[in-house]
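Architecture at a glance
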Amino acid sequence: MKKIKIVIRIIIVFLLMFNVTIMTLSHQQTNEDYSNWMRDSIDPQHPVTEIVMLGAHNAFSSEINYFSEPGIDAHDIFSHPAAFPIKGYLIRQSVTQRASTKELLEDGIRYFDMRLTYKNHQFYTVHNYMSEPLEDVLQAFQDFHESIHGEFILIDIQHISGVDYQSVEHYQSLMEVFHTYDMIEESFFEPTIPLHSVTFGDVTNNKQKTSYVILDKFDVEHKETYQYVSNMRSSWPNKDRAEDIINYLVDESNMIAQMDKNTLNFRVMQAVATTALNVRGVMKSIMDWSVIHRATRLNQMLYDHESFERWMTTMPIIMLDFTNNNTNGLLDDYMSRIISYNQAFFD
């Protein structure tokens, strides 16, 4: 009887561990409002590709919950019926941000890594699981746009499942949604001018308006958005240990530093961890508990690293998980350092 009770307790602990969706208990928000940090600190002549900014990895995953459906190209484990007992664990590995679009914008994040899936004739944000309709995200952007002037927002449509990147029809379907919320009308798009020659003043009409630069991977004619391949460098570490990610960034920074500055467009510092799909990696992810919890440590390590100042030069877009976390004042520290760096750009 005693052995049976022990077995039952072990099963209960197992089910709780793999079904609890709480990401972390340590989440503090800033008391500062960074809605207009660019307007207040960046020179109009500052090249947009050299502006240091915080970015959100899988920016629109905060609405993923226990009842979310898997994306159409998610790994089989996310949709298999046998995975139901571990769905909490899978969700903890899928949610990379805890803040809404509105909160991220107000907290100073200006680069948004967007992943979409096209299902039932509608676009949804996604990271393994579907999060929220694209329309909700675009409405939040436009609400911000209407109330805040002089900011530059970079939207990187990193991946869309369920579409053909060679299809004009699929591209137009996406653009219809963006047009509905005036995202294209309010974006900067001058394909004949290299982005490294575009200034902050060009994009914001000398700080008179908030504007977007939108990139995607469609390869069709008559586009209204920038081509990702030729305008963005974003090298994925694909590592799960913080030390390995740091070493990867060292190598990436050294490589970029040797390139011709006149050919460099946007460059992303991918300071994010990826769960390794092997026994060691899965065990590590269980011990780390969640992507959010793991990011708390990595983001602090990144900020404290002796080469971080150099990395801001070579990889100005600092893409993080749990980007707006202000535990121990970390978001405020990042923003203070970023603002100071940008202000000193022409010194």
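The paragraphs below set out a description of the structure included in this document. (Residues numbered from 1 in each chain as written. Predicted model: local features only at pLDDT ≥ 70, side-chain atom pairs only at ≥ 80, totals over all residues. Heavy atoms only, no water.)

Now for the side chain of S167. In this structure, S167 sits in the loop between β5 (152-161) and α6 (168-180). In terms of polar contacts, S167 uses its side chain to reach the backbone amide nitrogen of E169, at 3.3 Å. A distance of 3.0 Å separates a polar side-chain atom of S167 from the backbone nitrogen of H170. Apart from the residues within four sequence positions on either side, S167 is in contact with F218 and V220. (Helix = DSSP H or I, 4+ residues; strand = E, 2+ residues; numbered from the N terminus. Polar contact = N/O pair within 3.5 Å; in protein donor to acceptor, adjacent residues only side chain to side chain. Contact = heavy atoms within 4.5 Å.)

Residues other than glycine seldom take positive phi values, yet F322 does so here, at roughly 50 degrees. Of note, F322 is situated in the loop between β10 (317-320) and α13 (330-343).

Looking now at the pattern of salt bridges. Counting across every chain of the model gives 13 salt bridges. E106 is paired through a salt bridge with K102; the nearest N and O atoms lie 2.8 Å apart. One end of the pair, E106, and the other, K102, are both in helix α4 (residues 101-106), 4 residues apart, so they sit about a helical turn from each other. Classification of E106 by relative accessible area gives partly exposed; the value is 29%. Among the residues examined, K102 registers a relative accessible area of 49% and is labelled partly exposed. In this structure, R337 and E309 form a salt bridge, with 3.3 Å as the shortest nitrogen-oxygen distance. With R337 in helix α13 and E309 in helix α12 (residues 308-314), the pair connects residues that are 28 residues apart, well separated along the chain. Assessed through its relative accessible area of 37%, E309 is described here as partly exposed. (Salt bridge = Lys/Arg side-chain N within 4 Å of Asp/Glu carboxyl O. Buried < 20%, exposed > 50% of the residue type's maximum accessible area, 1.4 Å probe, protein only.)

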